[in-house]
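Residue-level structural notes
The chain contents come next:
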Number of protein chains: 4
Amino acid sequence: MIISTKRGTPAAELDKIIREFEAKGLSVTMIRGTDYNVFGLVGDTTVIDEKQVRANPYVENVQRVSEPYKKANRLFHEVDSIIDVGGIKVGGSEKIAVIGGPCSIESEEQAVRIAREVKDAGGCMLRGGAYKPRTSPYAFQGLGTEGILAMAAARKATGMPIVSELMSEDKIDEFEEYVDLVQIGARNMQNFQLLKAVGKMKKPVLLKRGLANTIEEWIMSAEYIMAGGNENVIFCERGIRTFEKYTRNTLDLSVVPILKQKSHLPVIIDPSHATGDWRLVESMSLAAIAAGADGLIIEVHDNPEAAWSDGAQSLKPEKFRAVVEKGRKIAQVIGRDM
Amino acid sequence: MIISTKRGTPAAELDKIIREFEAKGLSVTMIRGTDYNVFGLVGDTTVIDEKQVRANPYVENVQRVSEPYKKANRLFHEVDSIIDVGGIKVGGSEKIAVIGGPCSIESEEQAVRIAREVKDAGGCMLRGGAYKPRTSPYAFQGLGTEGILAMAAARKATGMPIVSELMSEDKIDEFEEYVDLVQIGARNMQNFQLLKAVGKMKKPVLLKRGLANTIEEWIMSAEYIMAGGNENVIFCERGIRTFEKYTRNTLDLSVVPILKQKSHLPVIIDPSHATGDWRLVESMSLAAIAAGADGLIIEVHDNPEAAWSDGAQSLKPEKFRAVVEKGRKIAQVIGRDM
Amino acid sequence: MIISTKRGTPAAELDKIIREFEAKGLSVTMIRGTDYNVFGLVGDTTVIDEKQVRANPYVENVQRVSEPYKKANRLFHEVDSIIDVGGIKVGGSEKIAVIGGPCSIESEEQAVRIAREVKDAGGCMLRGGAYKPRTSPYAFQGLGTEGILAMAAARKATGMPIVSELMSEDKIDEFEEYVDLVQIGARNMQNFQLLKAVGKMKKPVLLKRGLANTIEEWIMSAEYIMAGGNENVIFCERGIRTFEKYTRNTLDLSVVPILKQKSHLPVIIDPSHATGDWRLVESMSLAAIAAGADGLIIEVHDNPEAAWSDGAQSLKPEKFRAVVEKGRKIAQVIGRDM
Amino acid sequence: MIISTKRGTPAAELDKIIREFEAKGLSVTMIRGTDYNVFGLVGDTTVIDEKQVRANPYVENVQRVSEPYKKANRLFHEVDSIIDVGGIKVGGSEKIAVIGGPCSIESEEQAVRIAREVKDAGGCMLRGGAYKPRTSPYAFQGLGTEGILAMAAARKATGMPIVSELMSEDKIDEFEEYVDLVQIGARNMQNFQLLKAVGKMKKPVLLKRGLANTIEEWIMSAEYIMAGGNENVIFCERGIRTFEKYTRNTLDLSVVPILKQKSHLPVIIDPSHATGDWRLVESMSLAAIAAGADGLIIEVHDNPEAAWSDGAQSLKPEKFRAVVEKGRKIAQVIGRDM
């Protein structure tokens, strides 16, 4: 950690600052500059609260040198983590996972029917929403437990593991029993209470990036889950908010190589929510694979115009099949499969 | 609601679209344009899901004309709502409420001591965090129930109502019993589960704006709470995320006149979290009052360098007093008091 | 164009609005709603200034249905435009153009040497900066004319066309004489004076997207150039500004399919400026090709640590060769070549 | 400047890095950390190009401690600069300057008429656009020289200095002769060629903040002008682009106290362009004064519905008068006048 102090800071204040850090077990080096003095702190700087240091009126700036995360950090875990989701391996350098399914589960019949389409087209996992985060209290809020049971029936029919979004702690037992991969949605990425709760679950977690969160904050949210004891976290990029109006969000594919540098956890891409427009899903899916993503999660619906939510961004099964087929060829070019 | 369709949409498709909307009880007018055809829908368009309409491959665009909120809408409630918080009135055109207190409650002694300073300087309510949303799982997470009880002791000592952040449903009974104004933090602005839960509480709610949320989404979150039955909502602007690096967030004061146009609910400003720097708090507080805000919520600590969180943005009591005194004069210029 | 008026607008005002639009040759349809009245205007609405309409105190909102661009619009020009740059074709569905070269031209010897490396590795055009837009007045500002002549020498030595950034009107003759593709940089995307000037040039233009501009504004800037008479415009995405700190900008690859829908002009991707980090360039290049881009423009330097600018984002020639080779395989998967 | 190197950097590389910096006349201190080594450089670090340092593959991060600007820096110029604009003093701690006028000059008669209204209402300077930066090539581009002469006539009639936007170098003689304060628009804030050119002018410069630029970049653009020899620069905040849709831009009033800390130059606020809505101008003007701004620049038109541009954000003269009168009272509360 590097701390710079203002010009004209009295010597007694500089001494006091040094003694305080040394009392916390840190080694302190001072560099006298022309306009500022700079302190370098060596040791376990996670014990220091940056904002508290900034409260000192003589302090100009505080900069961390080390990353604030440990368990999610590639520096201390060089090998790629491979997460087992109901028998499907996500991560590593081989197979790319393709997850498909409707935005909202509408009935058991619909869940089973679309799951069969997804599997037939080359998907390996079923997605579906039973608890829906909706901007409006007047919009359809999801089938709830009935939706989760419908997905479980679809798993029984197809053998595919299922992924669904958990929105509150009081459904943890239900998800622990029925769901294979527990999704934390973008709007809950910093719902720390919920992160702590899933940190105690046994099921792996799909952690979506928040609408306006940095990659560092995203990794810190994974760290919350891991610090609770659940180290099976998969990142999912779903676009960030920008001023662009032609897309719902802006898909940030550079997260793929960055997360590979900074962390050992897998990363998958959601082109459906990122763009909000089914006409953009194929090209963004192929781009994600070429960028090195470990998986895709795509909305699939056999009648998007009648979907209960997000029809505009859902692919019909035949379009989804085309994405998988083209994607597989790109995967093979970069030495993977799908 | 206005729907535009692509050039070359077959007449049969246009007819089908019209019949579908009419079946939902809407009156449909079609305007034939040169490049597009446009449909105007009149009636209760809240029954229509925009995204489902967009799923139609012939649809180019969907635009709402009416606002999607009702209970929070000034259009249907012309008079300013005045919210009673433990006897203090927030909103209306008279008194501006000043809330002060530490970021984190550290002990009962600290809570009582700072509460006295806040009251003595002209504050009318005590803020304090007992449950803290922290980016890092390794940072101080708040005293919990002990902190809430310390605040209740401070209320007893000073008579001032207390405001604190609720992070999860399982503490609702505790907050209903001890807290006068229940804060929903920026990171939970779209934690819809929590919004529904506080919608059933009897205590008023202070709803912070999310880090990257639009004013419309913010009003929709108020609508969630009101739709649940709790109409006592106060908005709190605390800065939005931008690319600027000299401030923690960018304080958006234009929310004040906009919320006054769009809604009847009060709005208060948090200059401490918005800027992240105590040196900017005074000028932003005075600006907020001049802009017409109904209140301020300011971090106050008697020893910021030793604060357990957010020391950098806390005012010492004498600085807080100066803000209240200058602010009162500005309030009087615009015909209010503080 | 759709105009909505406030509740309670007097009938006389509604009549006045209708007569004004009809006087401009537009056909007006009024739809009476519950909370608002809505006018649909049909005809050449480009004669209407939205902001002037909004000045009417009874007007609530104004929304365009048609795009504000014509010459750049796919709607009126269905076939892909193919731009000839010194004999290299950019656009269409076949060959993907790869442009490489240093951020700054440092000497004729350097320009020729790197040009040979670029060509040898599979590049088809040389990029290089002679006039440099630098945030600091104290940073290296480019070799100027000497740099342009050095690039011309490199073209002579290799046969490759050259692209360089034009920063002011007074160098137009120099660029018309020596440069094959005239780059307009991100910071000048809305320097309308310069856009008008290059609209009169005979050389094709590479138009970079501004740091925080929407795709619609970007197309409007192309429209400026085309309206001046120069219809040979190529779009270049170089990342937009977001709050993310791990990358210099956020590369927005969704522009590729969107520009293909909205316009007939080609689009190329600059992964070097978008990420600011050479370690991210390969994966973003492959992603761009998979997304359907018509070309790449990549910074190449044989000694990045000694480069006079932007060393951090430059690839060494052997890395650049690897990108071209892998990229070509992906291009073939999607039915193109490179 | 602080440079951190990767874990495992060979000792020979560390030595090489130290020798390179020492060869540039810098003093180097190395701090050995647990995961990283850190170098502190003391001396004139403006000779170092950060991006070149980052090109070294062993370098993890580079952080500046000193600000990159000198002439605009408060550190080296403690007293507020007061800029003389045709006899009106802008800056310092006394009088706040109020500039009013139409977005576009439409005729000499209009310019004189509105100038008289502005002066009569308490304004001290006339604004007006003769060269207009318009997003569309088909929109009104301004009267050009005729507009500048019309403003000069209005100055003659009222005695008020005039401010207008300069868009290209070839009009510099015209502006040097007729205009008192030369405006550089938001879209040209990083048109470095134009900044260099106005750096050689004798007239003071009003430098608007770019749509998505940081305060540091803005000060660097002032530094460009000052480095050219023209030290009379006034900052003008006009809102930044965010995802908010209810306002045209987001007015960032925290720039006022920050610019006062970082620089000695004056800062004025443009609430008209920032909000894009005349209904928000009064409250944002009062807020700007309370925040400590040195001036306001407000669009005034006597018939906004017929204005040739930006009618939606123009105040009628009587509204402008009300802003000045209320603003003056707030100015007096904070010890200034207007």
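Residues numbered from 1 in each chain as written. Chains lettered and ligands numbered in written order. Predicted model: local features only at pLDDT ≥ 70, side-chain atom pairs only at ≥ 80, totals over all residues. Heavy atoms only, no water.

What to know about the interface of chain A and chain B
- In this complex, chain A contributes 49 residues to the contact, which on the side of chain B involves 48 residues.
- Approximately 4400 Å² of surface area, both sides summed, lies buried where chain A meets chain B, with 49% of it carried by carbon and sulfur atoms.
- Counting the surface chain A buries against chain B, the share from its top three residues, K51, Y138 and E305 of chain A, is 15%.
- For the pair chain A and chain B, the interface holds two salt bridges.
- In this structure, the salt-bridge partner of R241 of chain A is E217 of chain B, at a minimum N-O distance of 2.6 Å. (Contact = heavy atoms within 4.5 Å. Buried area = accessible area lost by both parts, 1.4 Å probe. Salt bridge = Lys/Arg side-chain N within 4 Å of Asp/Glu carboxyl O.)

Quick word on the pairing of strand β7 (residues 97-101) of chain C
Residue and element names in this part refer to chain C.
- With five of five residues buried, β7 lies mostly within the body of the structure.
- Residues A97, I99 and G101 of β7 are buried on one face, and the alternating residues V98 and G100, pointing to the opposite face, are buried as well.
- Of the pairings in the sheet, the one linking β7 to strand β14 (residues 295-299) comprises five bridges and is parallel in character. By the bridge assignment for β14, G100 is matched with I298.
- For β7 and strand β8 (residues 125-127), the ladder comprises two bridges, and the chain directions are parallel. Bridge pairing in β8 places I99 opposite M125. (Buried < 20%, exposed > 50% of the residue type's maximum accessible area, 1.4 Å probe, protein only. Helix = DSSP H or I, 4+ residues; strand = E, 2+ residues; numbered from the N terminus. Pairing = 2+ DSSP bridges.)

Some points on the sheet that holds strand β2 (residues 27-32) of chain C
Residue and element names in this part refer to chain C.
- Here we have four strands laid out as an open sheet, ordered β2-β3-β1-β4, and antiparallel in their pairing. This sheet does not close on itself; its edge strands, each paired only once, are β2 and β4 (59-63). Between one strand axis and the next, the sheet turns by 20° as a mean value, whatever way the strands run.
- Pairing geometry for strand β1 (residues 2-5) and β4, over four bridges, is antiparallel. From the neighbouring strand, I3 faces β4, where its bridge partner is V62. (Axes fitted to C-alpha atoms, helices over the stretch in contact; angles between N-to-C directions.)

A look at the environment of L14 of chain C
- Mapped onto the elements, L14 of chain C comes out in helix α1 (residues 11-23).
- Measuring from C-alpha to C-alpha, the distance between L14 of chain C and M30 of chain C comes to 9.2 Å, with 16 residues separating the pair along the chain.

Some details on the relation of the copies chain A and chain B
- The two copies are related by a screw motion: chain A maps onto chain B through a turn of 180° and a shift of 0.0 Å along the axis, at an RMSD of 0.0 Å. On this basis, the relationship between the two copies can be described by a two-fold rotation axis. The rotation axis passes nearest to the C-alpha of A212 of chain A in chain A, at a distance of 2.9 Å.
- When the interface residues of chain A are mapped onto chain B, 98% of them again lie at the interface, so the same face is used by both copies. (Least-squares fit on C-alpha atoms with pLDDT ≥ 70 in both.)

Side note on the domain arrangement of chain A
- Under the domain assignment, chain A is made up of domain 1 (2-63) and domain 2 (74-333).
- With centres defined by C-alpha atoms, the gap from domain 1 of chain A to domain 2 of chain A works out at 43 Å. (Domains from an automatic or database assignment.)

Some thoughts on the sheet that holds strand β8 (residues 125-127) of chain B
All names here are of chain B.
- Strands sit in the order β7-β8-β9-β10-β11-β12-β13-β14 around a closed barrel of eight strands; the barrel is parallel. Pairwise comparison of adjacent strand axes, ignoring direction, gives a mean angle of 25° for this sheet.
- Relative to strand β10 (residues 181-184), strand β9 (residues 162-165) runs parallel, the two sharing three bridges. Across the sheet, S164 pairs through a bridge with V182, a residue of β10.
- Relative to strand β13 (residues 267-269), helix α8 (residues 255-262) is tilted by about 170°, and along the sheet it contacts β12 (233-237) and β13.

Some details on the nonpolar core
- Of all hydrophobic cores here, the largest spans 307 residues; its most connected members are L207 of chain A, L207 of chain B, L207 of chain C together with L207 of chain D.
- Those residues within four positions of L207 of chain D in sequence are excluded, and the remaining contacts are I184, M189, L195, W218, S221, A222, I225, V233, I234, F235 and C236 of chain D. (Core = buried A, V, L, I, M, F, W, Y, C linked by side-chain atoms within 4.5 Å.)

Thoughts on the packing of aromatic side chains
- Inspection of the entire model under this criterion finds twelve aromatic pairs over all chains.
- With a centroid separation of 5.0 Å and an interplanar angle of 70°, the aromatic rings of W218 of chain C and F235 of chain C are classed as edge-to-face. Separated by 17 residues along the polypeptide, W218 of chain C in helix α7 (residues 215-227) and F235 of chain C in strand β12 (residues 233-237) bring together distant segments of the chain.
- On the accessibility criterion, W218 of chain C (0% relative accessible area) is buried.
- Directly above the ring of Y246 of chain A sits K262 of chain C, whose terminal nitrogen or CZ lies 4.4 Å from the centroid. (Phe/Tyr/Trp six-rings, centres within 6.5 Å; stacked < 30°, edge-to-face > 60°. Lys NZ or Arg CZ within 6 Å of the ring centre and 35° of its normal.)

Regarding the packing of helix α10 (residues 278-291) of chain B against helix α8 (residues 255-262) of chain D
- Between α10 of chain B and α8 of chain D, the least distance of the axes is 9 Å, while the angle of their chain directions is 135°. For the element pair α10 of chain B / α8 of chain D, the angle class is oblique. Read as a crossing pair, α10 of chain B and α8 of chain D show a hand that is right-handed. Two secondary-structure elements touch here, α10 of chain B through R279, L280, S283 and M284 of chain B and α8 of chain D through P257, I258 and Q261 of chain D.
- Of the residues in the contact of α10 of chain B with α8 of chain D, the class split is four nonpolar, two polar and one charged. (Parallel < 35°, antiparallel > 145°, perpendicular 65-115°, else oblique. Left-handed = near helix turned anticlockwise from the far one by under 90°. Nonpolar A, V, L, I, M, F, W, Y, C, P; charged D, E, K, R; others polar.)

A closer look at a negative patch on the surface
- A contiguous patch of negative charge, built from E169 and D170 of chain A together with E169 and D170 of chain B, is present on the exposed surface.
- Here E169 of chain B is to be found in the loop between β9 and α5 (172-178).
- E169 of chain B gets classed as partly exposed once you look at its relative accessible area, which sits at 34%. (Patch = residues over 30% accessible without salt bridge, like charges linked within 9 Å, V, L, I, M, F, W, Y side chains within 5 Å. Areas by Shrake-Rupley, 256 points an atom, 1.4 Å probe, with all protein chains shown as cover. Lys, Arg positive; Asp, Glu negative; His and termini not counted. Charge placed at Lys NZ, Arg CZ, Asp CG, Glu CD.)

Here we look at the state of the cysteines
- Evaluation of the coordinates by the stated rule reveals zero disulfides over all chains.
- C103 of chain B takes part in no disulfide bond, and the closest cysteine sulfur, belonging to C236 of chain B, lies 13 Å away. (Disulfide = S-S within 2.5 Å.)

Here's the deal with the pattern of salt bridges
- On inspection of all chains with the given rule, the structure shows 76 salt bridges over all chains.
- Taking the shortest distance from any N to any O, the salt bridge between K16 of chain B and E13 of chain B comes out at 4.0 Å. Taken as a pair, K16 of chain B and E13 of chain B lie in helix α1 (residues 11-23) at a separation of three residues, close to a single helical turn.
- Residue K16 of chain B is classed as partly exposed on the basis of its relative accessible area of 33%.
- A relative accessible area of 18% places E13 of chain B in the buried class.
- Among the salt bridges present, the one from D294 of chain B reaches R336 of chain B, with a minimum N-O distance of 2.8 Å. Here R336 of chain B lies in the segment after α11 (317-333) and D294 of chain B lies in the loop between α10 and β14 (295-299), a separation of 42 residues in the sequence.
- Taking the relative accessible area as the measure of exposure, D294 of chain B reaches 0% and is therefore buried.
- Residue R336 of chain B is classed as buried on the basis of its relative accessible area, which comes to 11%.
- Salt bridges here are not isolated pairs; linked through shared partners, they connect R209, E237 and D252 of chain A together with E244 of chain C.

A closer look at the interface of chain A and chain C
- Taken residue by residue, the interface counts 38 residues in chain A and 39 residues in chain C.
- When the two sides are added together, the surface that chain A and chain C hide from each other amounts to roughly 3100 Å², 72% of it contributed by carbon and sulfur.
- Summed over the three residues of chain A that lose the most area to chain C, namely F243, Y246 and V333 of chain A, the buried surface amounts to 22% of that side.
- Here chain A and chain C share two salt bridges between them.
- Salt-bridge contacts for E244 of chain A lead to R209 of chain C; the nearest nitrogen and oxygen are separated by 3.1 Å.

Brief notes about the relation of the copies chain A and chain C
- For the match of chain A to chain C, the screw axis carries a shift of 0.0 Å, the RMSD comes to 0.1 Å, and the turn is 180°.
- Most of the interface of chain A is mirrored in chain C, where 100% of its interface residues again form contacts.

As for helix α3 (residues 108-121) of chain A
Residue and element names in this part refer to chain A.
- Along its 14 residues, α3 runs 20 Å from first to last C-alpha, staying within 8% of the 20 Å computed at 1.5 Å per residue.
- In this structure, the buried residues of α3 make contact with β7 (97-101), β8 (125-127), α4 (145-158) and α11 (317-333).
- Trailing α3 by a residue or two, G122 shows a phi angle of about 115°, which is positive. (Expected span 1.5 Å × (residues − 1).)

Things to note about the pairing of strand β1 (residues 2-5) of chain A
Residue and element names in this part refer to chain A.
- Of the two faces of β1, the one lined by I2 and S4 and the one lined by I3 and T5 are each fully buried.
- Pairing analysis gives four bridges linking β1 to strand β3 (residues 37-42), with the strands arranged antiparallel. For I2, the partnering residue across the bridge sits in β3 and is G40.

Some remarks on helix α1 (residues 11-23) of chain A
Residues and elements named next belong to chain A.
- Here α1 contains 13 residues, and its C-alpha end-to-end distance of 18 Å stays within 8% of the 18 Å for a straight helix at 1.5 Å per residue.
- Among all positions in α1, only E13, L14, I17, I18 and F21 are buried. Along the axis of α1, the buried positions cluster into a sector of 140°, meaning they face one direction only. Exposed and oriented more than 90 degrees from the buried face of α1 are A11, A12, R19 and A23.
- Buried residues belonging to α1 abut β1, β2 (27-32), β3 and α2 (50-54).
- Among the residues trailing α1, G25 stands out with phi positive, at a value near 85°. (Arc of directions from axis to C-beta.)

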